[in-house]
Amino acid sequence: MAGIPLYFVDLQDDLDDFGFEDYGPDCDSMRITAFLDIPGQDNLTPLARLEKYAFSENIFNRQIIARGLLDVFRDFSNNEEDFLTVMEIVVRLSEDAEPTVRTELMEQIPPIAIFLQESRPNFPTAFSDYLMPIVVRYLTDPNNQVRKASQEALLILLEQELIAQNDIENKVCPILLDLSAPDSDDEYKVEAVNIICKMASMLSKTIVERMLLPRFCELCGDGKLFQVRKVCAASFGDICNAVGQEATERFLIPKFFELCSDSVWGMRKACAECFMAVSYTTSPEVRRSKLSPLFINLISDPCRWVRQAAFQSLGPFISTFANPSSAGLYIREDGTLSIRPSAQDVSSSSRQPGNNANITSASTNIVSSSLEQPIEIKSESSTEGTSAEANPMICAGSPRTDPVKGSSDSCGSPGEALTRLSQNENTTACVIEGIKDCHMSNSQGVNSRFQSAEDIFNTFLYWRPLLPDISQDLELLQSKTEKHEEGRSMSKAMCSNCVASSEIKKVLESLQEHMDDPDVQAQVQVLSAALRAAQFESINHYETKHTEESNGKLQNELSTFEASHATVEKNTLSSSSFQDDVSNQSTTSILKSTESEEQHNGTIEFLKKEQHNNPPIEDDKSKLQDIIPQPLLDQYLSMTDPARAQTVDTEIAKHCAYSLPGVALTLGRQNWHCLKDTYETLAADVQWKVRRTLAFSIHELAVILGDQLTAADLVPIFNGFLKDLDEVRIGVLKHLYDFLKLLHADKRREYLYQLQEFVVTDNSKNWRFRYELAEQLILILELYNPNDVYDYLRHIALTLCSDKVSEVRWISFKLVVAILQKFYANNANALGLNFINELVARFRHCSKWIGRQAFAFICQAVVEEECMPVDHFVEHLLPSLLSLSSDPVPNVRVLLAKALRQTLLEKAYFKNVGNPHLEAVEETVLALQSDRDQDVSFFATVKPKLNNMDTTSLEKQK
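Residues numbered from 1 in each chain as written. Predicted model: local features only at pLDDT ≥ 70, side-chain atom pairs only at ≥ 80, totals over all residues. Heavy atoms only, no water.

Q: Can you explain the overall build of the protein chain? Please cite residues and give values.
A: Scanning the protein chain from terminus to terminus reveals 51 helices and four strands. Among the 958 residues that make up the protein chain, the fraction classed as buried is 51%. Residue pairs at least 24 apart in sequence account for 69% of intrachain contacts in the protein chain once pairs closer than 6 positions are excluded. Of the roughly 45,400 Å² of accessible surface on the protein chain, a fraction of 50% belongs to carbon and sulfur atoms. (Helix = DSSP H or I, 4+ residues; strand = E, 2+ residues; numbered from the N terminus. Buried < 20%, exposed > 50% of the residue type's maximum accessible area, 1.4 Å probe, protein only. Contact = heavy atoms within 4.5 Å. Areas by Shrake-Rupley, 256 points an atom, 1.4 Å probe, with all protein chains shown as cover.)

Q: Pulling in residues and values, what's your account of unusual backbone geometry?
A: Of note in the backbone geometry, glutamate 161 takes a positive phi value of approximately 55 degrees without being a glycine. Turning to its location among the elements, glutamate 161 is positioned in the loop between α8 (144-159) and α9 (165-179). For glutamate 161, a relative accessible area of 68% translates into the label exposed. Although it is not a glycine, asparagine 827 sits at a positive phi angle of roughly 60 degrees. Its location among the elements puts asparagine 827 in the loop between α42 (806-825) and α43 (829-844).

Q: Just give me the short version of the packing of aromatic side chains, but keep the residues and values in it.
A: Counted by the stated rule, this structure contains 21 aromatic pairs. Here phenylalanine 275 and phenylalanine 295 contribute two aromatic rings whose centre-to-centre distance is 4.8 Å and whose plane-to-plane angle is 70 degrees, an arrangement assigned as edge-to-face. Taken together, the residues phenylalanine 275 in helix α16 (residues 275-280) and phenylalanine 295 in helix α17 (residues 284-299) connect sequence positions 20 residues apart. Comparing phenylalanine 275 with phenylalanine 295 shows no difference in burial state: the two are buried. (Phe/Tyr/Trp six-rings, centres within 6.5 Å; stacked < 30°, edge-to-face > 60°.)

Q: Go over the packing of α17 against helix α18 (residues 304-319) with me, naming the residues and quoting the values.
A: The geometry of a pair of packed helices is captured by two quantities: the angle between their axes and the separation between those axes. Across the interface, α17 lies against α18 with an axial gap of 8 Å and an inter-helix angle of 145 degrees. Contacts from Arg287, Leu291, Ser292, Phe295, Leu298 and Ile299 in α17 reach Val306, Arg307, Ala310, Phe311, Ser313, Leu314 and Phe317 in α18. Each residue belonging to the contact of α17 with α18 can be placed in one class, and the counts come to nine nonpolar, two polar and two charged. (Axes fitted to C-alpha atoms, helices over the stretch in contact; angles between N-to-C directions. Nonpolar A, V, L, I, M, F, W, Y, C, P; charged D, E, K, R; others polar.)

Q: Give a detailed account of helix α40 (residues 767-780), specifying residues and quantitative values.
A: Here α40 contains 14 residues, and its C-alpha end-to-end distance of 20 Å stays within 8% of the 20 Å for a straight helix at 1.5 Å per residue. Among the residues making up α40, those that are buried are Phe769, Arg770, Glu772, Leu773, Ala774, Gln776, Leu777 and Ile780. Those residues of α40 that are buried lie in contact with α37 (726-734), α38 (736-740), α41 (786-801) and α42. (Expected span 1.5 Å × (residues − 1).)

Q: Give me the nonpolar core: which residues, what numbers.
A: Formed by 227 residues in total, the largest nonpolar core has its most connected members in Phe236, Phe256, Tyr636, Phe873 and Leu881. If you tally residues by element for this core, the top one is helix α36 (residues 688-722), at 15 residues. Other than its neighbours up to four places away in sequence, leucine 881 contacts Phe855, Ala856, Cys859, Phe873, Leu896 and Leu900. (Core = buried A, V, L, I, M, F, W, Y, C linked by side-chain atoms within 4.5 Å.)

Q: How would you summarise helix α13 (residues 236-243) if you had to cite specific residues and measurements?
A: Among the eight residues that make up α13, six are buried, leaving the element largely enclosed by the rest of the structure. By the burial criterion, the buried members of α13 are Phe236, Gly237, Ile239, Cys240, Ala242 and Val243. Where α13 ends, the next residue or the one after it, glycine 244, has phi of about 95 degrees, a positive value.

Q: Can you lay out the environment of leucine 632 for me, pointing to particular residues and giving the numbers?
A: Mapping leucine 632 onto the fold places it in helix α32 (residues 630-637). Placed 314 residues apart in sequence, leucine 632 and isoleucine 318 show a C-alpha to C-alpha distance of 7.4 Å. Not counting residues within four places of it along the chain, the set of residues in contact with leucine 632 comprises Ser292, Phe295, Ile296, Leu314, Phe317, Ile318 and Phe321.

Q: Give me the lowdown on the pattern of salt bridges, citing residues and values where you can.
A: Using the criterion set out here, one finds 27 salt bridges in the structure. For the salt bridge of glutamate 218 with arginine 215, the shortest nitrogen-to-oxygen distance reads 3.3 Å. Highlighted residues: glutamate 218 and arginine 215, both in helix α11 (residues 205-220), separated by three residues, approximately one helical turn. Overall, the relative accessible area of 48% leaves glutamate 218 in the partly exposed class. Overall, arginine 215 belongs to the buried group, its relative accessible area being 17%. Across the salt bridge formed by arginine 794 and glutamate 838, the nearest N and O atoms sit 2.5 Å from each other. Of this pair, arginine 794 sits in helix α41 while glutamate 838 sits in helix α43, and the two are 44 residues apart along the sequence. On the basis of relative accessibility, which here comes to 8%, the residue arginine 794 falls in the buried class. The structure contains a network of salt bridges with shared partners spanning Arg147, Glu187 and Glu191. (Salt bridge = Lys/Arg side-chain N within 4 Å of Asp/Glu carboxyl O.)

Q: Please set out the side chain of threonine 678 residue by residue, giving values where relevant.
A: Note that threonine 678 resides in helix α35 (residues 673-683). Its relative accessible area of 4% is what places threonine 678 among the buried residues. The contact partners of threonine 678, leaving out residues within four places of it in the chain, are Leu637, Thr640 and Cys656.

Q: A description of the environment of lysine 689 should follow, citing residues and the corresponding values.
A: For lysine 689, the position within the fold is in helix α36. Here lysine 689 falls in the partly exposed class, since its relative accessible area comes to 36%. A sequence separation of 35 residues divides lysine 689 from lysine 654, and the C-alpha atoms of the two residues are 6.8 Å apart. Setting aside its immediate chain neighbours within four residues, lysine 689 contacts Glu651 and Lys654.

Q: I'd love a proper account of the packing of helix α7 (residues 123-138) against α8, names of residues and values included.
A: At a minimum axis distance of 7 Å, the contact between α7 and α8 shows a crossing angle of 135 degrees. What the angle tells us is that α7 and α8 run oblique. The interaxial crossing formed by α7 with α8 has left-handed handedness. Of the residues in α8, those touching α7 at Phe127, Met132, Val135 and Tyr138 are Val146, Arg147, Ser150, Leu154 and Leu157. Among the residues forming the contact of α7 with α8, the class breakdown is seven nonpolar, one polar and one charged. (Parallel < 35°, antiparallel > 145°, perpendicular 65-115°, else oblique. Left-handed = near helix turned anticlockwise from the far one by under 90°.)

Q: Give a detailed account of the confidence of the model for the protein chain, specifying residues and quantitative values.
A: For the protein chain, per-residue confidence averages 74 on the pLDDT scale, and residues scoring 70 or more make up 63% of the total. Here residues 483-496 scores under 50 on pLDDT; set against residues more than four positions off or in separate chains, the count is 20 contacts. Segment residues 539-555: pLDDT under 50, and 30 contacts once partners within four positions in sequence are set aside and those in other chains are kept. (pLDDT = per-residue confidence, 0-100.)

Q: Describe the side chain of arginine 215, listing the residues and the values that go with them.
A: A distance of 2.5 Å separates the side chain of arginine 215 from the backbone oxygen of leucine 177, its partner in a polar contact. If we skip the residues at most four places from it in the chain, arginine 215 touches Leu177, Ser180 and Ala181. (Polar contact = N/O pair within 3.5 Å; in protein donor to acceptor, adjacent residues only side chain to side chain.)

Q: Describe the environment of proline 142, naming the residues involved and giving the relevant values.
A: Turning to its location among the elements, proline 142 is positioned in the loop between α7 and α8. Residue class for proline 142 comes out exposed when judged on its relative accessible area of 69%. Sequence separation between proline 142 and tyrosine 188 is 46 residues; the distance between their C-alpha atoms is 9.7 Å. Look past the residues within four positions of proline 142 in its chain and what remains in contact with it is Arg147 and Tyr188.

Encoded structure:
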């Protein structure tokens, strides 16, 4: 330490003893370079002494000077000549060979620049000529610590806008472009790329697009260092945001595709993490057509870590599809969410297409809310009807979607039997399904209840090319069926179908000996389907003409059909597995048209088994929407699948719950049915963290859905959260007011009985839970009338006032004051008087001093908040308050002195000389001023500095 006065060394030791081991320049009590002002044996001026120590052979001396440069500039900035001399010393010191000195110097550049900007009018010139070259030069320093310090200093200077645009273009950007050149050193290149990505958001769009964007695109395809590509991928969203939509779609999106397909999984993971930021800067068309398929590829990536990052970004990515015009939701200027029903929603909920056949009034009860589309039966072909995407409530009766040529009335009316069955609301979907199957199989029209054998052997029904000719084998069958078709009575038609069935059986038996021939197998397949069609035709005719007969007769006919079906299945289809598969598909297609009868009568057991094995896809159709690409929504809904937790991430359900409000906001309330099942699954998740996440956001979801859907779908889940663990209940409790205010008054009143349950916690030491309850009750008071507050909330408030924890008691006293204010604000003076009497009996005459102290605080708050008329206060509360002057506990008298001196006597009512109550108050104050306790006398004498209560001091009282 040669050369430094002993005074400074001793001073530094004293600072170390007091915890100032790393004494910084931002401390105002002592300057690091204070030794420059101490006269020494050298008889040098402070400026000369600065130069001496700045270039001393002792490294520590130079470090001290570098660390204290800010103080040096403060001392010498008033004189222009001294200021320039200090600047030259700084420039010379920046060339020091010791890295620690250069590091200390660079760390002082940002605070020096801020000081000079505030104090020097010629700051831009001085900074550009002296300090900026040091920052740029240190970016290429051979020492790693010096480079890091310069990088941090550069970013701070850019963030504070202390660097001129000219210096950015001519000094900063050129050196970064040189460091990131293809032939540059690998370590320098990675650091330069990192700086370019970080500073892009701090520069103007023009500079980034003109100078940095081309180099960034080159670095995205760097084949030498994957670290460079990884930095580019991690910061891709920031670059897109800096250059805007046009440049993003033109230059960056192709590079983003390359990074998403990079061979290194770290690059793909980084792309998945920044996907939302990239999507935010693109147009809706690019987002839907290009980015959505790309994101699906990331979700199905073979690397688990990539899939994990993709699923975590799925919800945020979906939120970029949000459109206020379609969702009916928008964000106000103050950041709050507001609901604005769009014209599309209103028209879709009230529109009834003219070409739709209305179902009977009983069937319309299926619609669960006014926002969902009503179920309608189309009278035209399926290609002309509303698609599943436009109407998610329509069930799909057949997996085939190809148009079928035929008359428009082929399936226009399901017949008299189906018309009667449509009166049951539970069979509407199945009626539609039966109509579609009827249309797809080219069954008979309304006017003709009989069809020829040629229609039965329609090749389109069996999803295959034209089958081999079997006309010779079916010649007898065709002649028989034609004779029976000419008959008009139902009995003859039934006999015709029976004969046709028997003939088909005979042909099938004759072909059993030649099952090795593929052509014979094909014929058997066709004949098996024909047999089922013939048997079903007889039942269909019978149902159409005799629906007035009993259900038991129908059951007998279908039982006969089941028996014959089982016999033929055993005799003809047991030899070929492929034959069995095709026949089963045909049977399922035919039996779908009878699901309405099955649901209406409930008598056909084998149809129930068939429905159980092949459930309808109505649930899948109900998840369709047109706001976001359907594959994205399907992947999001799959996040609740337990298999995802095993193959992707154990906390994937939590990520799903976290982003669900954003997804719901994007889809809008009209598409809530897509998320309802997922939300209920998450609400019943075994992990309390998942339920806790939902509990913290249920109030926001209620705003998105509106009061009707909230009451129908969220209230049951909200009730379940109320009985959950404390970790889950706290989420509900923190936003209890926000949720309750969205409910109707009658529904809101039901929770008055449940608020008492919040007082009881799993752990009695969890006092913050009760504290939060008191805070929420203060807000909730406005939602209920005075009578409800008196009957229910008053008891909770008084219970919290007796809590063991002081913090809970103090906030509860404020709740009591708010309740009293509620009564008098609504002219419920009788309730207010009863409550006052209860407070006097409960707290003023409490055997514990804490209760009497609470009474003094309550009275002080009542006066401060002006909760009640002054005449009521002086009549009912003031006498009891003044009687506390003789309390034996000093803490009670201290609070009384504060209440009288700081609050009561400051009110205009008590400043009136003619006030009859003023004398009693002044006498009490005089008595407290002469109290034997010093604290009591002090607070009774001192005048208040602020008009407001010193709640901090009050809360420290125990």
